[in-house]
Each structure stands twice: as C-alpha cells, then as structure tokens.
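Below are the chains, spelled out letter by letter.
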Amino acid sequence: MVEPVVSAEPALVPPSQRIVVLRRLAGPLLSVGMLCLALWVLHLLAREVNYHQVRKYVQSLSHARLLLAASFTLLGYAVMTLYDRFALASVGRKLPWRRVTMISFISYAFSNAVGMSLLVSGSIRYRFYIQNGLTTGEVARVVLFCTLSFWLGLLALTGVTLLWVPLPPGLPLATLSLPLGVGLTLLPLAWLAGGLIRRPLQIWHWQVSMPSTLTGLKQILVGAFDWGLAAAVLYVLMPDQLNNGFGHFLAIFVIAQIIGLISHVPGGLGVFEAVMLAGFGATGNEALTAPILGALAAFRVIYYLLPLCTATVLVLQREARGLRQKSLLTPWFTGLLPSFFAGLTLVSGAVLLFSGATRALPDRMAILRDVLPLSVLEVSHLLASVIGMLLLILARGLQRRLDAAYVLALVLLVAGAVFSLLKGIDYEEATLLALLAMALAPAHRLFYRRASLFSTTFSIRWILAILAIFGCATWLVMFSYKHVDYSSTLWWEFTFYRGGAPRALRALVAAAAAGMLFALASLIRPVRVKRASPGEAELAWALPLIKQFPSAQAHLALMGDKTLLFDPAHKAFVMYDISGRSWVTMGDPVGGDEEARRELVWTFIEQCEHAGGWPVFYQVSPANLDIYLEVGMALLKIGEEARVRLESFNLDGKSKKVLRNTVNKLTREGLRMEIVPAEEVNALLPRLKQISDAWLADKRAREKRFSMGAFDPRYLLRTPMAVLWQNGEPVAFANLLLNDSREEASVDLMRFLPDGPTGIMDYLFVELMQWARGEGYRWFNLGMAPLAGLQNRRQAPLWNRFGALVFGRGERFYNFRGLQRYKDKFDPEWEPRYMAVPGGIALPIILTNVASLISGGLSGVVRR
C-alpha cells in the first residue's frame, strides 16, 4: 500500500525513457525470437519424424554407451575445475582443492544448463568466493579468467578443427571453412603473443596486464580439452551410420555450440539441435533425423540435467548443514537460497508442462487401466499441466520471498507429484517434485513477506522465460502427435490408449488459461500512484514513528521535500526522492516493527521496477545491512558517522583544553544558550532568517536539501530550537532533532552570524551535549563525515580507492578532511554508513544522481 496522492492521469513517457525500455527489451526479445526460429527450423528438419521413433532410439542405446558418455561427462567437469584453480593462482589466492572443486562444479552445472554462463556462473562464484575471503575485485578477475579460458579454448579447438577437417559441402559455412579456421586460430595465438608484452596495455581509460605465455597456454589447453570432452559425450551417443570420424563430427559440434552460445537462448536449446541436424544433412532423411534427435536428447540429460541435479543436491546439503550451524548462514548464502529454490520450481513447472505434452509409456498405461478409472486419469493429466504453469508463476514469488508463494508452491509440488503418478506412473517426475518439496519445507523462515502474489512485479525476462517454456511445450505437443490428424472431435475423445493427443491439447489449453487468469488478476490492481510531497495527514502518521525511532536522522522526513511510502498498517515508512532514474531513500526504513521495515524495502524495490527506476538506499546503518543483502543489492561505504557517548563526555584533560578555554571565554563575553520549544519558534523566525541569510551570503552557498534541512518555516516549526544569545540578540541557532526514547539527540540546520564570536559553534555543540546529557539522552549525533574511513589500498575495491582519493585531495569541492577533524575533537565513536545500490554498470550514473539530489542540482556538486 502506498500512501501518497493517487492519480489516474496517464503518464506521458519521454522519448529517452522509451529508448531505455526498448534497450531493456531488446536482449530478451532477441533470445525468444531465436528460440522460436530454432523451433521452427527443427519442425521443418524433423517433419518426417515422430516422437516414438526418437524415444525408440534412446531406449536402444546400450548400457556401455551410456556409461562411457557418463564417464566423459565426469571427466569433463573435472577438467572444468582447472579453470578456477588456475584463475585463483593468477590472483595469488589458494583455497582447499575440495572447496574449489565444489564451487566450480556447481557454477558450471547451473550455467551449462541455464545458459548465460557469464551471468549465472559469475553470480554463483561471487556468492561462494566472497564467503571464502576473496575481495570483489579478486572475484571479478577470477570470473574474467574463467570466461576467457572458456572462449579461448573453444575458438582454438574450432579453428584447428576447421583447418584439419573442413565442413562438408552443402553447409552454409562450408566455403568459408579455411578462412574461418585461420581467423579463429589467430585469436588464441594473438593472446599467447600478448604474453610477451611486459608493459600493461592502455585500453581506453584502463591498463590491462596480459598474462604470461605459460598462463595463456594453460587457458587455451584447458578450454580446448573441456570442449573436446563435451564433444566426446555426444559422439558416443550418435548412431553408427554417422561414424565418419571424430574430426568430422567435432567440426560440426563446435560450430553448433558457437551458434548456440551467440544466440543467447538458455543452454542453446533448439539452436544447437537445429545446427546439428543441418550439419549432418538429416533434412528429410527419417533414418538419420530420429537417431540424431535421440542422441541429442540423451546428451541433454547426461551432460546437462544429471550434473544440474547433482549440483542441486550439493547446495541442499550445504543448506541443511547451515541450518544445523546458524553461523554458516551468512547473508550472502541466505540471499542465494530463495533464488535457488525459485529456479528449481521453474524447472519443476517446465517438467510438468513437457510431460503433459508427450505421450505416456504404453506399459505404464496398461497398469493404470486395470487399477484407475479413466476420469481420474484425465483429471490428473489436466491438473498436472495446470500445476506446471502455476509453478512457473510461483517461482517468481519465491524469488521475492513471499510467504503465500512458499505455501502454495509446497502444496502444488506435493499435488504435482501425486498427479504425475496418477496420469502415467511418471515416478521420475514425482521423485523430483517430492525432493524439492522436502528441501523447501524447512526453509519457511526465508520466505517472510506477507505481500500479495498478485502485486509481485514480473520482469520482462521472467515473462519471456514463462512464454518460452510454454512455447516449447506447444512445440512438443505438435512434434509428439504430428501423426495424428487434427479435428474438432479430438477435444472430446476420452480413451486410455488413443487419448494421448486429446489429453495433451486439453492440458495445454488449461495451462494457458491458468496463466491468462493470473495475468488478468494481476492487471486488476489499484491505480499506480503519482509521487507527491507529503501532506499534513502523512506527516501526522510519520511523527510518532519518527519520535520512537532510535536515529534522530528520521526527522528529515518533516522537511516535506521527500515522498513518504508507508506500509499498510502505518507501522513504518521510507522517505525518498527521485533524480534521473535513481529512486533514493534517505536512510533506513523508519519504524519499530522489524517485519514492516523489511517488507517496505521489497515494496520500494518493486515500485522502482514498475517505473523502470533504480532503487538506492542512501546512508544506511550497519545494523540493517542484512536487509539489503537479502534483496540482492551491493553495498558501498560512503563515510562514517560521529556519535558522542554523553555519559562519558566532559571537558577534562589536556585534549579538551582548547574547547574548555573557548567555552569559558564566550561565557564571560555574555554568550548563553536557550532551548526554545517548537510552539514558540514562530515568533523568532524573522530574526533567525536574518542570521541564515547572512550565513549563506558569507559562505556563498545555497540551501541544500534531501540529506539535510533548509530554512523552511514549515520544517523549523516542527522542532525545538537551540538559540545562542549575546547582548539580547540572537547570534546563532540550530534546530534540534530529539526522539522520545532518549536514545539520540542531534542538530540539523546550523547557522551563525559571520561577525559573531570566534568559536561560536564549538560553544553551541558543548552546551548542547551537556544539556542533552542532563535530559537523559545517551548519544549526541554529529552527523556523517563523507568518504571518511575509506582505504586507498591496492587490494581495496575500486570505489574505496576512489573515495579515499577524493577524501584526501577533494578540498576544492568539499572540506572532507577538515570536517572529520572538526568532529573528531569531541571524541566521538565513528560508525560506518553505506549506500545500497543495484549491481551493474549503472553505478556511475547512480552516484551522479545522488550527488545531484543532495546538492540541489549538478551545479551544486562543485559548489560549496
């Protein structure tokens, strides 16, 4: 629920935003387009083949062949571990062999099956290697090393193979075999030659150090060996009539893999198969097409599906071990599990849809005919496909940690397992669904959000993934039953043996109907809100939450320049503003209810996604970092906040001599402090405005907003005021931020006359701290010192090094170091503050947007 003013006015989308949306759609739409094209080509190439011929070939594969293929697969994944071992050596890191093997196997098992290897394997490596002590920069270098090795090996193997065994005549690329082989071979050779260059290469603004020739050779050999073993797995499964030698087969295999990878279709599904069929000239040749498709299906199961299932078991074992030892469940790993379960649920839904699209085994149907009424079989088949579609939808809810999605997914997984047995004794599917349900059952605490499933944001990629899976299921129905002539009577045929096609059609339509009903229910939602400044009602709701919140910074909501987003029960809120595409909150969610605060983070992120914006949480505290890690955000340290412990604050000792002398001197000169209650501030505002204007003119500054207050009467009338008087005239003032819990006191707007006494702000701070201590407050917050505490070390993250550089040399734009030194003389305790941002290349734009927001515009970034 969002509380700002609701508007039903249609929003005009500016051209720049339309371009951004088109760019976001381009990649996913291209992948889906390539998948549809590949399925159409497969349909044309295999038009004379039916499902039974393919299944017959798979069943005819000997145990010896299957065992040999499995052995090559095992050896191939063992070779893949060398990617990580050599990569770790290149960054000067050494981890236990078993741990590296496990991380490498899990990352490649998922990336090979899902596709998008850089994204998938990179994110998995990041999660695991961060837990093992590697820095973000080191993980990035490891991922880059592995990715380069992967491609260098593939290019080298492809180039050498094409030079050795040219493509057979008739293929589109056959005439280009020689130049293509030369070109692909030269690329790895150029990489090796780069190792002879001792000096770093200047590529735009970056300096790149080339690996040594020995390291480059290792990369190429490991990559080539890896791809050679993958080819060997499929080679032993191919029909004997295609045995023209391994070299001829390898040439077609590597070309098909490259085209599949370039297509960006997950796992190259459909694209790889179409190229293989075309490469072996199987068009219109039923005797070749069916065995090749059978071999490709067996290859998918052995090389992709079995390792994926094994990796899943390993991750589940890790989770179970973490549940027994809570300390192992770091935020990084906890944040990985919901996405992991979401992925498995998506796979389970796809399995049910694909199963419903194919014909059941005759032997099992004969058993069911003797023990089960036909009506039960028909209903089970229909509901299994509907459950498959619902699992595709619920997978998104699991990724978003919805409690309702967890409960429904658990129920549907069990129901799906039961219906899989009733519709065809498909115990393989039932086992998969039951194991996932058993793994998901103890993980309820990870799915804590009480939000509605219908309000969940479905990204373009997620929607296209669901459509792609449904498209594949539709293709499977057409392929499996192409021998059945379509007629309208098929929809009403109900038999055990000849009812496969009617059941598949009814199940497909029912699944589509379930997806469309959910889409319609999601569209019938409240009108999206129009962002507006908070009114008196919103500020009245926020005030009790502000007064009870431990951080006095929450009072910045009273400025009225930030939109307030409340939870439905008004137990918490976030304040935010927008700059460019960045939706920036000021601080953590405000409120005492932990569950409401966590839910607000999700709600805010989903609201940003609806609008195509980037969620940014500015100046958040270490106590709440787990909230942002769980939603997949990256953390940047932006400075340190100074807090004085009031019970130990005094002016005794040599270190406080200057402060003590200043206070005594100004007291003798007649300076005194008065705390003016909020209801009496209005009478003083005209005199305080003169002080503020003089201060701004002297500093040649202008009012800044967002992270600090401005001289706005509506804001100042809501807080008490500390006023310094001399000779009956005000000479300085500061508005006080005080909470009812007496946890923390602070000030926001501080102004003084330029010709006032020297040391006037020192006097004000000392008097305020002594007053706050007398009132029972525990802490006095002096505010944040931007970029303080960032280390400019070689192994530090790039942001830390840049921030430390600006902190040390950026005095022209802002007195970073001087501000920290000033606050340090009050002996505060420094606590880090962070900014939670989305990962990716948008970070420079986000930083620019935040700086513009705080400074009141880009021109304010470079002005004091």
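Conventions adopted
Residue numbering note: each chain is counted from 1, following its sequence as written. Where totals are concerned, whole chains, interfaces and linings use all residues; where local detail is concerned, this predicted model gives features only for residues with pLDDT of at least 70, and gives and counts side-chain atom pairs only at 80 or more. The basis for every side-chain value is the complete set of heavy atoms in the structure, and neither hydrogens nor water enter the calculation. Strands here are runs of E lasting at least two residues and helices are runs of H or I lasting at least four, both read from the DSSP assignment and numbered beginning at the N terminus. Any residue under 20% of the maximum accessible area for its type is buried, any over 50% is exposed, and the rest in between are partly exposed; the area is computed with a 1.4 Å probe on protein chains only. Values of accessible area rely on a 1.4 Å probe in the Shrake-Rupley scheme; residue burial ignores everything except the protein chains shown. The way it works is a 1 Å grid over only the protein atoms, where trapped points that fit a 1.4 Å probe form a cavity and open points with protein on both sides within 12 Å along at least five of seven lines form a pocket, and then any residue with an atom within 4 Å of a point lines it. Grid points are joined across faces, edges and corners, and a volume is the space filled by probe spheres set on the points. Planes of paired rings set the category: under 30 degrees apart is stacked, over 60 is edge-to-face and the rest tilted, where pairs are Phe, Tyr or Trp rings (Trp by its six-membered ring) whose centres lie within 6.5 Å. Our definition puts a charge over a ring when NZ of Lys or CZ of Arg is within 6 Å of the ring centre and also within 35 degrees of the ring normal. Remark: nonpolar core denotes a set of buried residues (Ala, Val, Leu, Ile, Met, Phe, Trp, Tyr, Cys) joined through side-chain atoms within 4.5 Å. A pair of strands is labelled paired if DSSP reports no fewer than 2 bridges between them. Place the viewer so that the strands point away; then a crossover is right-handed whenever the path from the first strand over the helix to the second strand goes clockwise.

S.K.: Would you mind showing me how to read the overall build of the protein chain here?
M.R.: Helix and strand counts for the protein chain stand at 29 helices and 14 strands. The buried share among the 864 residues of the protein chain stands at 53%. Carbon and sulfur atoms make up 64% of the accessible area of the protein chain, which totals about 39,700 Å².

S.K.: Where do I start with the environment of Glu680 in this structure?
M.R.: Looking at the element boundaries, Glu680 is found in the loop between strand E9 (672-676) and helix H23 (685-699). A C-alpha to C-alpha distance of 9.0 Å links Glu680 and Met721, two positions 41 residues apart in sequence.

S.K.: Help me understand the layout of surface pockets in this model?
M.R.: Where empty space is left becomes clear once a probe the size of a water molecule has been rolled over the atoms. Estimates place the volume of the second largest pocket at around 440 Å³. As for the second largest pocket, its lining consists of 26 residues, and the residues nearest its centre are Phe549, Pro550, Ser551, Ser621 and Asn624. Secondary-structure elements contributing two or more residues to the lining of the second largest pocket are strand E6 (590-591), helix H20 (594-611), strand E7 (614-620), strand E8 (634-645) and strand E14 (829-837).

S.K.: Just to check I follow, could you spell out the packing of aromatic side chains for this structure?
M.R.: The geometry of two aromatic rings is summed up by the distance between their centres and the angle between their planes. Taken as a whole and assessed by the stated rule, the structure comprises 30 aromatic pairs. Ring centres 5.6 Å apart and planes at 85° place the aromatic pair Phe299 and Tyr304 in the edge-to-face group. The pair Phe299 / Tyr304 is uniform in exposure class, with both members buried. An aromatic cluster of at least three residues, connected via ring pairs, comprises Tyr77, Phe105, Tyr235, Phe246, Phe249, Phe253, Phe272, Phe299, Tyr303 and Tyr304. The aromatic ring of Trp462 is capped on one face by Arg396, whose charged end is 5.6 Å from the ring centroid. In this arrangement the basic side chain of Arg643 is found over the ring face of Trp779, its NZ or CZ atom lying 4.4 Å from the centre.

S.K.: Mind showing me how you'd approach the nonpolar core here?
M.R.: Generally speaking, a soluble globular protein has its nonpolar side chains buried in company with each other. Ranked by internal contacts, the top residues of the largest apolar core, which has 128 residues, are Tyr129, Leu234, Leu237, Phe253, Met276, Phe299 and Phe341. Among the elements that take part in this core, helix H11 (residues 286-324) stands out by supplying 13 residues, more than any other. The next biggest cluster of nonpolar side chains, apart from the first, holds 47 residues, and it includes Ala542, Tyr618, Val681 and Val837.

S.K.: Explanation requested: the pairing of strand E13 (residues 779-786) in the structure shown.
M.R.: A regular strand places its side chains on the two faces of the sheet in alternate fashion. Among the eight residues of E13, eight are classified as buried, and the element is accordingly described as predominantly covered. The sheet contact formed by E8 and E13 spans seven bridges and is antiparallel. By the bridge assignment for E13, Arg645 is matched with Trp779. In this fold, the crossover linking strand E12 (residues 744-752) to E13 by way of helix H25 (residues 760-774) has right-handed handedness.

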